[in-house]
Amino acid sequence: MLVTFLQHSENITFRVDGTDGVFLLRLHYPRAESFGKDGADSQFVDSEMLWLADLRGQGLPVPAPVKAKTGGYVSQVSGINVTLLAWQEGSLLTREMETEDTAAQMGMLVGRIHAHAEWWQLPAGFSRPQRDFDYFQDALISLRPAIQDGRISYPDYKSFETSLELLRDETSRLAREPKTWGLLHGDLHRGNFLLHNGQIHLIDFSMCAFGHFAYDLATCLSNVRTIFHPVFLKQYKQLVPLPPGYERLLEGYFLASYIATFSLWISDIKSQEAFIQRVTYISREYAARFNRDERFWFR
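These numbers were taken from a predicted model, which means no experiment stands behind them.

### Digging into the overall build of the protein
- Tallying secondary structure elements over the protein gives nine helices and twelve strands in all.
- Relative to the compact-globule value of 19 Å for 299 residues, the protein shows a C-alpha radius of gyration of 19 Å, a close match.
- A principal-axis box enclosing the C-alpha atoms of the protein has dimensions of 60 × 45 × 40 Å.
- For the protein, contacts bridging at least 24 residues in sequence account for 71% of all contacts bridging at least 6.
- When the accessible surface of the protein is summed, it comes to about 14100 Å², and 52% of that surface belongs to carbon and sulfur atoms.
- Mean positive and mean negative side-chain charge positions of the protein (30 and 35 charges, respectively) differ by 2 Å.

### Here we look at the packing of aromatic side chains
- In this structure the tally under the stated criterion is 19 aromatic pairs.
- Centre to centre, the rings of F126 and F210 are 6.2 Å apart; their planes meet at 75°, and the pair counts as edge-to-face. Of this pair, F126 sits in the loop between α2 (100–119) and β8 (130–131) while F210 sits in strand β12 (residues 209–212), and the two are 84 residues apart along the sequence. In this pair, the class of F126 matches that of F210, namely buried.

### Here's the deal with the sheet that holds β12
- An order of β8-β12-β9 is seen for the three strands of this open sheet, with the pairing classed as mixed. The two strands at the open ends of the sheet, each matched to only one other strand, are β8 and β9 (181–184).
- Where β9 and β12 come together, four bridges link them in antiparallel fashion. By the bridge assignment for β12, L184 is matched with A209.
- Helix α6 (residues 213–221) rests against β8, β9 and β12 of the sheet, and its axis sits at about 45° to β9.

### Overview of the side chain of R190
- As for its position among the elements, R190 is in the loop between β9 and β10 (193–196).
- There is a polar contact of 3.5 Å between the side chain of R190 and the side chain of E98.
- Excluding residues within four positions of it along the chain, R190 makes contact with L93, T94, R95, E98, N223 and V224.

### Points about the sheet that holds strand β7 (residues 91–92)
- The strand order across the open sheet formed by three strands is β7-β10-β11, and the pairing between neighbours is antiparallel. One side of each edge strand has no neighbouring strand; the edge strands of this open sheet are β7 and β11 (199–202).
- Relative to β10, β7 is paired through two bridges, and the arrangement is antiparallel. Considered in β10, the bridge of S91 is made with L195.
- Of the strands in this sheet, β10 and β11 touch α2, which is tilted by about 40° from β11.

### So, the pairing of β11
- By the bridge criterion, four bridges tie β10 to β11 in an arrangement that is antiparallel. Pairing of L195 across the sheet is with I200, part of β11.
- From the end of β10 to the start of β11, which pair antiparallel, there are two residues, and N197 there has a positive phi angle of about 55°.

Conventions used here
Residues numbered from 1 in each chain as written. Predicted model: local features only at pLDDT ≥ 70, side-chain atom pairs only at ≥ 80, totals over all residues. Heavy atoms only, no water. Helix = DSSP H or I, 4+ residues; strand = E, 2+ residues; numbered from the N terminus. Rg over C-alpha atoms; globule rule 2.2 N^0.38 Å. Contact = heavy atoms within 4.5 Å. Areas by Shrake-Rupley, 256 points an atom, 1.4 Å probe, with all protein chains shown as cover. Lys, Arg positive; Asp, Glu negative; His and termini not counted. Charge placed at Lys NZ, Arg CZ, Asp CG, Glu CD. Phe/Tyr/Trp six-rings, centres within 6.5 Å; stacked < 30°, edge-to-face > 60°. Buried < 20%, exposed > 50% of the residue type's maximum accessible area, 1.4 Å probe, protein only. Pairing = 2+ DSSP bridges. Axes fitted to C-alpha atoms, helices over the stretch in contact; angles between N-to-C directions. Polar contact = N/O pair within 3.5 Å; in protein donor to acceptor, adjacent residues only side chain to side chain.

Now the structure itself:
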């Protein structure tokens, strides 16, 4: 057996090459406290694995969860939750690899995941966090120490605050119904898509949550070239309808997704340079325009 360390982010991950296959081993222990404690909740982790098992059973190109010898999906080592997934072959999707076809496949795959969430009967005890206004508000509040130490300017913080209030106005008109609200992947950035033999696969569901599907779409579209947005949305809409006024909703959730990301980076030493640079850029290039009711994706 060969065990190879991969990375430490919200989980510590290893590739395991064994006699009975290749696997991804995850220790649910975050690199920084700001990454949250969801991985410490065995019910949360088990729920992620149950969802993956059903998605995989429906033929979606996602990792297959592997049960432990005890019969469950979650084991513990020294008090840390541990899970095992079948290894997903493929190369991490890069901007250079992106084409109209990959964007279309991504739109179809995200649509299939959201459509699945519409009809899937949640197992007893299923539990995942929510990505609602309170979550994003808490994420914004967590950035306040960075104002005091100079990493965030007060005007930039207030700009994000205004954006969230405007997004709340948008979401208040959107009912929490199966067509708009349900289980999300929760982290649809480009690095979680693999390309294997011309086919798109999706990995890393460890941040899955309940929320508006628009949040997943916004996160994903921020990692798709703007020129490919129409083909992505065309494929997505074949499975899940977009709500009225979706353009402003997606742009607002794009900003909310960055606020959430900044809340993860704030106490992570490795992310400080990116944190300082991106806060200023996102605030002045996007939040300011959103707050003036100017479009930046859909013009």
